[in-house]
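# Fold and geometry: a report
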Amino acid sequence: MASGNILATLHPYANEPPGANYAIADIRNGHPVLAFDDTTSWAAAWTIVLPDNYGGGGLTVEVESMAASATTGTHGWTVEVERMDNGTTDFDADSFAAAQTITAANVPGTSGQTMKQSINISTGANMDNAAAGDTVRLRLKRDVANDNAV
């Protein structure tokens, strides 16, 4: 994810899985990966702090993925931002901004090859009004309503 500069690289094992429908930590040829279901919208989440020198302008989230075995079909994703506002956010309930959709794209023709997709999330309501110095959670979900790779 970036806004002019790279703010964070979100690794599979740094994922903070939700209580249900979570992506499963796995290994592929020694590489840590998260496995997402192809029929249920499983999720993964990460917590980051926007640096004090973050200048606004939104976020660009890049997702690198590969199919477990499919060589045809599409992968699509949604990304949500939740500002962890001191004195306001109730940690007992999610308060993510509206999901932003990464349009489904064709998977590589060879299983094991990765593809990169991205979305620009505009500042303001789409980022849950997060600003420099704020702690935020990013939630990634497989968009099973709009993709079809098994």
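Structure: see above.
The paragraphs below set out a description of the structure included in this document. (Residues numbered from 1 in each chain as written. Predicted model: local features only at pLDDT ≥ 70, side-chain atom pairs only at ≥ 80, totals over all residues. Heavy atoms only, no water.)

## Quick notes on the side chain of Arg 142
- Along the chain, Arg 142 falls in strand E10 (residues 135–142).
- Judged by its relative accessible area of 4%, Arg 142 falls in the buried class.
- A polar contact of 3.4 Å, which involves the side chain of Arg 142, links it to the backbone oxygen of Asp 37.
- Here Ala 149 takes part through its backbone oxygen, which lies 2.6 Å from a polar atom of the side chain of Arg 142.
- The contact partners of Arg 142, leaving out residues within four places of it in the chain, are Phe 36, Asp 37, Asp 38, Ser 41, Trp 42, Thr 74, His 75, Gly 76, Trp 77, Asp 147 and Ala 149. (Helix = DSSP H or I, 4+ residues; strand = E, 2+ residues; numbered from the N terminus. Buried < 20%, exposed > 50% of the residue type's maximum accessible area, 1.4 Å probe, protein only. Polar contact = N/O pair within 3.5 Å; in protein donor to acceptor, adjacent residues only side chain to side chain. Contact = heavy atoms within 4.5 Å.)

## A short note on the pattern of salt bridges
- Taken as a whole and judged by the stated rule, the model has 8 salt bridges.
- Where Arg 139 meets Glu 80, a salt bridge forms, and the shortest distance between an N and an O atom there is 2.7 Å. Note that Arg 139 is positioned in strand E10 and Glu 80 in strand E7 (residues 74–83), a separation of 59 residues in sequence. Judged on exposure class, the residue Arg 139 and its partner Glu 80 are both buried.
- The partner of Glu 82 in a salt bridge is Arg 137, and the shortest N-O contact between them spans 2.6 Å. Residue Glu 82 is located in strand E7, and its partner Arg 137 is located in strand E10; the two are separated by 55 residues in the primary sequence. With respect to class, Glu 82 is no different from Arg 137; both count as buried.
- It is possible to trace a salt-bridge network through shared partners that takes in Glu 80, Glu 82, Asp 94, Arg 137 and Arg 139. (Salt bridge = Lys/Arg side-chain N within 4 Å of Asp/Glu carboxyl O.)

## As for the sheet that holds strand E5 (residues 43–49)
- Across the sheet, which stays open at both edges, the 4 strands sit in the order E5-E10-E7-E8 with antiparallel pairing between neighbours. Edge positions in the open sheet fall to E5 and strand E8 (100–106), since each of these has one partner strand only. Direction aside, the axes of adjacent strands within the sheet are offset by 20 degrees on average. (Pairing = 2+ DSSP bridges. Axes fitted to C-alpha atoms, helices over the stretch in contact; angles between N-to-C directions.)

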